[in-house]
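# Descriptive structure summary
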Amino acid sequence: MADEPLILGIETSCDETGVGIVRGHTLLADALASSVDQHARFGGVVPEVASRAHLEAIVPTMQRALTEAGVALADIDAIAVTAGPGLAGALLVGVAAAKGYAVAAEKPVYGVNHLAAHVAVDTLEHGPLPEPAVALLVSGGHSSLLLVDDLARGVTPLGATIDDAAGEAFDKIARLLGLPFPGGPYIDREARAGDPAAIAFPRGLTAAKDLAAHRYDFSFSGLKTAVARWVEARQRAGEPVPVADVAASFQEAVCDVLVAKALDACRTSGIETLVIGGGVAANSRLRAMAEQRAARHGIRVRVPRPGLCTDNGAMVAALGAHLVASGVAPSRLDLPADSAMPLTTVSV
Ligand code: KG4
Ligand code: ZN
């Protein structure tokens, strides 16, 4: 509908420079420039390299998005930008750019939470999110379970990882197996040829004794150690490492815990919608397992297509559109980038 707000979103919290444009729930442009290749040889994102790459990419990515959407900056109703959490220097590039464009074009600006944007992006594919919903947020830096009462104004954390994020675990195990960075997609691919039941890896924080204090929390460090020990034992014995079986068994352990805890949260709170977001939501096994198990309990799973799960500008625009539609006031022009922005703050 032409009278829905036209929102531009800017994402620079990690290694992807993203500019997305939406009209209401309709995606018009999703321009992306990634610096992932520049980080690959370090086995992780190097903050200074990421900031420099954002600086070089932001203006051309902005222009690509406007061209793709067939609109001019003057047509935009508001600019949304990731204000946190993320890498401080990387966030600053996006926030400074958003302020510059907002002042130049006299547009309101919304500084938004990256994690809430990972949830909001699903509205571009599946329409308005029924509230309350449970959200499982699994990315390279975060793993959380949330109760989404009102995505425009606040979410309630139910639990989070007590050590590694799910994506971080994928990346570390990939490295151990000699697969490239970021490892999630490579594990996903290897696992297709492997047996998920080949090795019984531990399921963190699922034992009865852990559930009392950590029912909705996650832990992947024990799993990571177990995989490393198993691989080392093989290597010591001079036997080949069955990469596909290790990948499949590891992936199965991660997905099993994520899905079990997310569905437990839904059932316990009587909530029928589970939305999954963040880079790990692109995982094919996680998507299939969540669908299958949720169906048994009459729970509907909403996961955006893989390209919208990993970081992008469209997710920021989607959250911006939701904030505008919900009547939330814009941010002040001196809004800061906050690398440690809490999950409970949706916009600043
Ligand atoms: O959301 P995202 O793009 O960036 C952060 O906000 O962190 O998530 C990146 C993470 C990486 O750890 C990457 O390995 C993981 O998402 N990832 C996957 C898959 N695709 C990306 N993990 C498992 N399976 C995948 N297919
Ligand atoms: Zn992310």
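Basis of the calculations
- Residues numbered from 1 in each chain as written.
- Chains lettered and ligands numbered in written order.
- Predicted model: local features only at pLDDT ≥ 70, side-chain atom pairs only at ≥ 80, totals over all residues.
- Heavy atoms only, no water.
- Near = heavy atom within 4 Å.
- Polar contact = N/O pair within 3.5 Å; in protein donor to acceptor, adjacent residues only side chain to side chain.
- Areas by Shrake-Rupley, 256 points an atom, 1.4 Å probe, with all protein chains shown as cover.
- Helix = DSSP H or I, 4+ residues; strand = E, 2+ residues; numbered from the N terminus.
- Nonpolar A, V, L, I, M, F, W, Y, C, P; charged D, E, K, R; others polar.
- Domains from an automatic or database assignment.
- Donors = N, O, S within 2.8 Å, 3.2 Å for Na, K, Ca; no water.
- Buried < 20%, exposed > 50% of the residue type's maximum accessible area, 1.4 Å probe, protein only.
- Contact = heavy atoms within 4.5 Å.
- Buried area = accessible area lost by both parts, 1.4 Å probe.
- Salt bridge = Lys/Arg side-chain N within 4 Å of Asp/Glu carboxyl O.
- UniProt positions renumbered as here; feature names shortened; annotations may be inferred.
- Pairing = 2+ DSSP bridges.
- Axes fitted to C-alpha atoms, helices over the stretch in contact; angles between N-to-C directions.

### Structural notes on the site of ligand 1
Surrounding ligand 1, one finds 20 residues, the nearest of these being Gly140, Asp171, Gly184, Asp188 and Gly279. Here an oxygen atom of ligand 1 sits 3.2 Å away from a polar atom, N or O, in the side chain of His114. Within the side chain of His118, one N or O atom sits 3.1 Å away from an oxygen atom of ligand 1. For ligand 1, whose free accessible area comes to 550 Å², the fraction covered by protein is 89%. Secondary structure elements with two or more residues in the shell around ligand 1: helix 4 (114–120), helix 6 (166–176) and helix 7 (184–191). Of the residues assigned to the shell around ligand 1, the class counts are 5 nonpolar, 12 polar and 3 charged. Residues lining the shell around ligand 1 come from more than one domain, with at least three contributed by each of domain 1 (6–125 + 308–326) and domain 2 (133–303).

### Section: the coordination of the zinc ion (ligand 2)
The protein atoms donating to the zinc ion (ligand 2) are His114 (NE2), His118 (NE2) and Asp311 (OD), with metal-donor distances spanning 2.0 to 2.1 Å. Counting along the primary sequence, the residues that act as donors to the zinc ion (ligand 2) give the motif H-x3-H-x192-D. Taken as a pair, His114 in helix 4 and Asp311 in the loop between helix 12 (306–309) and helix 13 (313–325) lie far apart in primary sequence, 197 residues in all. No difference in accessibility class separates His114 from Asp311, as the two residues are buried.

### Section: the domain arrangement of the protein
Taken domain by domain, the protein consists of domain 1 (6–125 + 308–326) and domain 2 (133–303). A straight line from the C-alpha centre of domain 1 to that of domain 2 covers 27 Å. Across the boundary between the two partners, domain 1 contributes 22 residues, which contact 18 residues of domain 2. Interface area for domain 1 against domain 2, summed over the two sides, is near 1600 Å², with a carbon-plus-sulfur share of 71%. It is Val119, Asp122 and Cys309 that lose the most area in domain 1 upon contact with domain 2, and together they represent 34% of the buried surface on that side. Our count for the contact surface shared by domain 1 and domain 2 stands at 1 salt bridge. Residues Asp122 and Arg302 are paired through a salt bridge, measuring 2.7 Å at the closest nitrogen-oxygen approach. At the junction of domain 1 and domain 2, the tally comes to 4 residue pairs in polar contact (both at pLDDT 80 or more). Looking at the side of domain 1 that touches domain 2, the elements with two or more residues in it are helix 1 (36–39), helix 4, helix 5 (123–126) and helix 13. Here the side of domain 1 that touches domain 2 takes 5 residues from helix 4, the largest share from any one element. Taken together, the residues that form the side of domain 1 that touches domain 2 break down as 12 nonpolar, 8 polar and 2 charged.

### What about the UniProt feature "binding site: Fe cation" (unreviewed entry) in the protein?
Following the UniProt record, one finds the feature "binding site: Fe cation" (unreviewed entry) at His114, His118 and Asp311. In three dimensions, the annotated residues from a span of 198 residues occupy one location, with a maximal C-alpha spread of 8.8 Å. Note on His114: relative accessible area 6%, which makes it buried. Contact partners of His114, with chain neighbours within four places excluded, come to Glu11, Ser13, Thr82, Gly84, Pro85, Asp311 and Met315. At 3.3 Å, the side chain of His114 forms a polar contact with the side chain of Ser13. Discounting residues that sit within four places of it in the chain, Asp311 has contacts with Glu11, Ser13, Cys14, Glu16, Leu32, His114 and His118. Polar contacts involving the side chain of Asp311 include one to the side chain of His114, which spans 3.1 Å.

### Structural notes on the sheet that holds strand 8 (residues 154–160)
Reading across the sheet, the 5 strands line up as 8-7-6-9-10 and stay open at both edges, with mixed pairing between neighbours. Bordering the open sheet on either side are strand 8 and strand 10 (300–302), each of which pairs with just one other strand. Here the average twist between neighbouring strands, direction ignored, is 25°. Relative to strand 10, strand 9 (residues 273–277) is paired through 3 bridges, and the arrangement is parallel. Pairing of Val275 across the sheet is with Arg302, part of strand 10.

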